[in-house]
Amino acid sequence: MTNKKYILGVYEDEDVLLHAIENIRAAGTKIYTVFSPYPVHGIDDALGIERSRLPIAAFLYGLTGLSFALWMQIYMLGFDWPMIIGGKPHIALPAFIPVSFELTVLFTAHGMVITFLIISGLYPKLKVPVMDVRSTDDKFIMAIEVKEGVTDVNKLNSLLRDNGAIEVNEKEVTK
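The residue numbering used here restarts from 1 in each chain and proceeds along that chain's sequence as written. Two thresholds apply to this predicted model, a pLDDT of at least 70 for residue-level local features and 80 or more for giving and counting side-chain atom pairs, whereas whole-chain, interface and lining totals are computed over all residues. As a convention, hydrogens and water are excluded, and side-chain values are obtained from all of the structure's heavy atoms.

### Points about helix H4 (residues 93-120)
Secondary structure counts use DSSP, requiring at least four H or I residues in a row for a helix and at least two E residues in a row for a strand, with both numbered from the N terminus. For a helix, the expected span equals 1.5 Å multiplied by the residue count minus one. For H4, built from 28 residues, the straight-helix expectation of 40 Å at 1.5 Å per residue is met to within 8% by its first-to-last C-alpha distance of 39 Å. Where H4 is concerned, the buried positions are Phe96, Ser100, Leu103, Thr104, Thr108, Gly111, Met112 and Thr115. Between two residues, a contact is recorded if the distance between any of their heavy atoms is within 4.5 Å. In this fold, the buried residues of H4 make contact with helix H3 (54-80). The classification of residues rests on relative accessible area computed with a 1.4 Å probe and restricted to protein chains. Under 20% of the type maximum is buried, over 50% is exposed, and intermediate values are partly exposed.

### A short note on the pattern of salt bridges
Any Lys or Arg side-chain nitrogen located within 4 Å of an Asp or Glu carboxyl oxygen qualifies as a salt bridge. What the rule picks out here adds up to five salt bridges. Between Lys139 and Asp138 there is a salt bridge, with its nearest N and O atoms 3.6 Å apart. Exposure remark for Lys139: the relative accessible area of 12% places this residue in the buried category. The network of salt bridges with shared partners includes Glu12, Asp138 and Lys139.

### Some remarks on the UniProt feature "transmembrane region" (unreviewed entry) in the chain
In the UniProt entry, the feature "transmembrane region" (unreviewed entry) is given for residues 56-75 and 95-119. Helix makes up 100% of residues 56-75 and strand 0%. Its end C-alpha atoms lie 28 Å apart. UniProt positions are given in the numbering used here, feature names are shortened, and annotations may be inferred rather than shown by experiment.

In structure tokens, the structure reads:
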């Protein structure tokens, strides 16, 4: 277990927060993360977060599901247990569309949920660190990691206050 120290800037307004993020990043300070009670449009761009590659994973999961569905139906109805149903050929692709669609959606949905949980680090935990409980209610919290001997806490406090923080706190989190 490691202890990490953070400086938390508490903001009341999302517009003030967005301008503060731009100013603090321009000053050369690396922002650990921002906690918000609801999604804020443009915060990903302001924080410099790259666009997610989850859509590519979704496409690959869907392609896997479609391939599996077609292989399964062609194998079962064409080779393993061929039956003539309604005068159709053994491998009748139009008849395979519903099952193929369902397995494509099934593989994509399950794959995306698992991928999201792994990427986000949302594993089952006994204790989840909460920076500030007000971030789930009505405040925006900007967390900046303090590195011993590198970060000037007083300068960081004044930088946060100058950029609209109504409150600046220190928090130590055990991970």
